[in-house]
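# Structure at a glance
For reference, the chains in residue letters:
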Amino acid sequence: MSEKTDKTEQQRLSVFKTYKLYVGGKFPRSESGRVYEVTDSKGKWLANAPLSSRKDARDAVVAARKAFGGWSGATAYNRGQILYRVAEMLEGRKDQFVREVADAEGLSKSKAAAVVDAAIDRWVWYAGWTDKIAQVVGGGNPVAGPFFNLSTPEPTGVVTVLAPQESSFLGLVSVIAPVIATGNTVIVIASEKSPLPALSLGEVLATSDLPGGVVNVLSGKTAEIAAPLAAHQDVNAIDLAGADDVLAKELEIAAADNLKRVVRPQAVDYSQTPGIERLTAFLETKTVWHPTGALGASGSSY
């Protein structure tokens, strides 16, 4: 047999993807070294995903807090540019996400493609809102006196988000994008059953000009990771989108210890236009008074 035939008959070894967490702009394995098997809708093995620990959750909070000052201080226009860049990068990796979403949710290739297209469009939609939401929820207030009275929205801070369990990608984007669009930083707990699209999203975010720590992605047992985050004193708010009724109640009680803002789980059709509810959910209103001053000898003011 010729050497050429030998080479033709040789088979390549498959190069399996190693999924990692996304924390502080880096891709660590779980601190504990644990993983768990992820299967498709038919029970076929897809990959081993990191099984995050409490230490991973604490590290994510540290990263999110460190990134908050720079991200909240960026101009709304700049945040919009970066969110749009995320959409650009996703567009270039669409085939990968179509495959992962199809496996995760048991969809046909065409239906998975529609989901990925909608997720990309969702990033663009929220990118357009970054410099407009202040005009909707802020403004000048009429007061009885020679003062300017202005109300402006400001980000709440570090937000924990439990991603939807069934909508592994479109739902994920729909709960992350509005949080960071308004200047918050986020720790997201990926769908326990279907975490792979979320972990791959971390790779996109890392190449989209998004500062490290603005979004941190953890995978593993939702209840196990969420409990320490709900009780963490440096987490300012929590979105319980991916929690069941029992877990949601437990986390809401834990969140009350430092008066976290809480968004309770609710039935949502993520394919519909989302509105601005999640944009305003994690905003605080700052009101500033400023004297108008006086003009001329008559004392008239402006």
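We now turn to the structure provided with this report. Just so we're clear, the structure is a prediction, and the values are computed from it rather than from any experiment.

Rules behind the numbers
- Residues numbered from 1 in each chain as written.
- Predicted model: local features only at pLDDT ≥ 70, side-chain atom pairs only at ≥ 80, totals over all residues.
- Heavy atoms only, no water.
- Core = buried A, V, L, I, M, F, W, Y, C linked by side-chain atoms within 4.5 Å.
- Buried < 20%, exposed > 50% of the residue type's maximum accessible area, 1.4 Å probe, protein only.
- Helix = DSSP H or I, 4+ residues; strand = E, 2+ residues; numbered from the N terminus.
- Contact = heavy atoms within 4.5 Å.
- Axes fitted to C-alpha atoms, helices over the stretch in contact; angles between N-to-C directions.
- Parallel < 35°, antiparallel > 145°, perpendicular 65-115°, else oblique.
- Nonpolar A, V, L, I, M, F, W, Y, C, P; charged D, E, K, R; others polar.
- Right-handed = clockwise from strand over helix to strand, strands pointing away.
- Salt bridge = Lys/Arg side-chain N within 4 Å of Asp/Glu carboxyl O.
- Pairing = 2+ DSSP bridges.

## Some remarks on the nonpolar core
- Counting 61 residues, the largest nonpolar core has Leu 90, Trp 123, Phe 169, Ile 180, Leu 201 and Val 215 as its most contacted members.
- Looking at which element gives the most residues to this core, the answer is helix H7 (residues 170–181), with 9 residues.
- Excluding residues that lie within four positions of it along the chain, Val 215 makes contacts with Tyr 22, Ile 176, Ile 180, Val 186, Val 188, Leu 205 and Leu 210.
- Counting 24 residues, the second largest nonpolar core, distinct from the first, contains Ala 60, Val 158, Ile 189 and Ala 248.

## Topic: helix H8 (residues 196–206)
- In terms of residue burial, H8 counts as a mostly covered element, since 9 of its 11 residues are buried.
- Those residues of H8 that fall on the buried side of the exposure criterion are Leu 196, Pro 197, Ala 198, Leu 199, Ser 200, Leu 201, Gly 202, Val 204 and Leu 205.

## Digging into the packing of helix H5 (residues 109–129) against H7
- The contact between H5 and H7 brings their axes to 9 Å, and the two run at 10°. Classified by the interaxial angle, the pair formed by H5 and H7 is roughly parallel. On H7, the residues touching Val 115, Ala 118, Ala 119, Arg 122, Trp 123 and Tyr 126 of H5 are Leu 170, Val 173, Ser 174, Ile 176, Ala 177, Pro 178, Ile 180 and Ala 181.
- Here the residues of the contact of H5 with H7 are counted per class, giving 12 nonpolar, 1 polar and 1 charged.

## Some words on the pairing of strand S7 (residues 215–218)
- Both faces of S7 are covered, namely the face carrying Val 215 and Val 217 and the face carrying Asn 216 and Leu 218.
- Crossover connection from strand S6 (residues 185–189) via H8 to parallel S7: handedness right-handed.

## Considering the environment of Lys 26
- Here Lys 26 lies in the loop between helix H1 (3–9) and strand S1 (35–39).
- For the pair formed by Lys 26 and Ile 238, sequence separation is 212 residues and the distance between their alpha carbons is 23 Å.

## Describing the pattern of salt bridges
- In the structure shown here, the tally under the stated rule is 15 salt bridges.
- Among the salt bridges present, the one from Glu 88 reaches Arg 85, with a minimum N-O distance of 2.9 Å. Highlighted residues: Glu 88 and Arg 85, both in helix H3 (residues 76–92), separated by 3 residues, approximately one helical turn.
- A relative accessible area of 37% places Glu 88 in the partly exposed class.

## Observations regarding the sheet that holds S6
- Across the sheet, which stays open at both edges, the 5 strands sit in the order S7-S6-S5-S8-S9 with parallel pairing between neighbours. One side of each edge strand has no neighbouring strand; the edge strands of this open sheet are S7 and strand S9 (261–263). If you compare each strand with its neighbour and ignore which way they point, the axes differ by 15° on average.
- The strands touched by H7 within the sheet are strand S5 (158–162), S6, S7 and strand S8 (237–239), with S6 carrying the most contacts at an inclination of about 165°.

## Overview of the sheet that holds strand S3 (residues 139–140)
- Taken together, the 3 strands give an open sheet; going across it, the order is S3-S4-S10, and neighbouring strands pair in antiparallel fashion. The two strands at the open ends of the sheet, each matched to only one other strand, are S3 and strand S10 (283–291).

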